[in-house]
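A look at the structure
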Amino acid sequence: MSPQKMSVRRVAVVGGARIPFARSDGPYATASNQQMLTAALDGLVERYGLHKPGAVGEFAAGAVLKHSRDFNLARETVLGSRLHPTTPAYDIQQACGTGLQAVIAAANKIALGQTESAVAGGADTASDAPLGVNDSLRRILLEARRAKSLGGRVKALAKVRPAHLVPDVPRNAEPRTGLSMGEHAAVTARAWGIGREAQDELAAASHQRLAAAYERGFFQDLVVPFHGLARDQNLRPGSTVEKLAALKPVFGLDHPDPTMTAGNSTPLTDGAATVLLASEEWARERGLEPQAYLTAYETAAVDFVGGDIAGGEDGLLMAPAYAVPRMLERAGLGLADFDLVEIHEAFASQVLATLAAWEKRGLGTVDRARLNVAGSSLATGHPFAATGARIVATLAKLLAERDAPARGLISVCAAGGQGVTAILERA
């Protein structure tokens, strides 16, 4: 088909499946990315009967913290799952935006008629993070391997010292700045004047709304029990502003009156999530009702090293402040046109700074009654690559519950000063 004749089709979000998210070094401490992603994928396969050859056009997924054994994570997950082994698969990675980018990549192929259906998702384990060989030791081992004689190898290995045996442990820090994501967020919080009480209010609401969603059975067909968990382990139904106010700050301690605590920041988390996407024709032929349609998406990046850091405009997690206005302008929409808004809660301060930036850019305000109505990352936790798929599946079902047409906005910030955003609509 020539590019001139190629038409763009609507992409349906049919449904999703994920495992409960767990705090790191907890119930999933010995579970790998592949095991978690396989469990989430199997839940989707069972729910929608995707066992037969060709049932799914492809599987796109990824992880942020990957072992060398995870080099072909998506494909190995397919081979270990109930999805048919002839299903093609590929990995994708864009830090915390990985899950949503996997959805976008799969959706583009469906929109262009290159496939009829696809599964997208992601997994991450902070418990089983890869430990790298000390770089000095690595260089010595490479030197020994290149040696042409036994004597040369012995000479190289004789350089090994006890300090070389200390592994390189992954750090939650930006290579360009050496600051952790939390420290970057603290800088942005100060720049935007985000106070402690507002952060704690947002965090408490996240827990309370997630608890309410579980109580009404909202997650019954979205969450697959795994390793003894049936609910997200980080959920604290009794969270209140008063309880959160008792916690000590953990970020921004080098400045007076720090505001960011473990309670209004996302914990290190293990988990996996998947989403089933398809053309309308594919869904109709199988008697499946699309929950929503993915109608727009946008990515952006900020210069968090040399940009307007002090002013808050180019903080590490502020890229959605640029992506969303561009996306809405292209779609001819404003914030008032959205019934629901899903903002990934890496930190309560980051959500509030994003809302403030949208308002500054003339997009208007977001009614808090429409924001993260079933809870978000502060309550569920945040397995980096899984969060985007979790949000897409959650928002699609929330839209499907409404009798009238509805529209939802997704905003995900990511390491490296990036952001991924999208729009879901219920016709």
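Residues numbered from 1 in each chain as written. Predicted model: local features only at pLDDT ≥ 70, side-chain atom pairs only at ≥ 80, totals over all residues. Heavy atoms only, no water.

A short note on the overall build of the protein
Put simply, the test is: Numbering of helices and strands runs from the N terminus; a helix is a DSSP stretch of H or I covering at least four residues, while a strand is a stretch of E covering at least two. Our radius of gyration looks at C-alpha atoms and nothing else; its globule reference is 2.2 Å times the residue count to the power 0.38. Residue burial is assigned from relative accessible area. The probe radius is 1.4 Å, only protein chains are included, and a residue is buried under 20% of its type maximum, exposed over 50%, and partly exposed in between. In what follows, a contact means two residues having at least one pair of non-hydrogen atoms within 4.5 Å.
The secondary structure content of the protein amounts to 13 helices and twelve strands. Expected size for 427 residues packed as a compact globule is a radius of gyration near 22 Å; at 22 Å, the protein falls within 12% of this value. Along the three orthogonal principal directions, the C-alpha set of the protein runs to about 75 × 60 × 50 Å. Taking all 427 residues of the protein together, 55% fall into the buried category. Of the contacts made within the protein by residues no fewer than 6 positions apart, 80% connect residues no fewer than 24 positions apart.

Concerning helix 6 (residues 181-192)
This is how it is decided: Residue count minus one, scaled by 1.5 Å, sets the expected span of a helix.
With twelve residues, helix 6 extends 17 Å from end C-alpha to end C-alpha; this agrees with the ideal 16 Å at 1.5 Å per step. For helix 6, the set of buried residues is M181, G182, H184, A185, A186, T188, A189 and W192. Of the surrounding secondary structure, the elements contacted by the buried residues of helix 6 are strand 6 (249-251), strand 7 (260-261) and helix 11 (348-360). Among the residues trailing helix 6, G193 stands out with phi positive, at a value near 65 degrees.

Remarks on helix 13 (residues 387-400)
Counted at 1.5 Å a residue, the expected span for helix 13 with its 14 residues is 20 Å, and the 20 Å between its end C-alpha atoms agrees. Most of helix 13 is tucked away: 13 of the 14 residues are buried.

Description of the pattern of salt bridges
So the rule is basically this: Take a side-chain nitrogen of Lys or Arg and a carboxyl oxygen of Asp or Glu: if they are within 4 Å of each other, that pair is a salt bridge.
Enumeration over the complete set of coordinates arrives at 23 salt bridges. In this structure, the salt-bridge partner of E58 is K109, at a minimum N-O distance of 3.1 Å. Taken together, the residues span a long stretch of sequence, with E58 in strand 3 (residues 58-62) and K109 in helix 3 (residues 98-111) at a distance of 51 residues. Given the relative accessible area of 7%, E58 is considered buried. A salt bridge links R407 to E425; the shortest N-O distance between them is 3.5 Å. A residue pair is termed long-range when its members are at least 10 positions apart, and R407 in strand 11 (residues 406-414) and E425 in strand 12 (residues 418-426) qualify at 18 residues. Judged by relative accessible area, which is 24%, E425 ranks as partly exposed.

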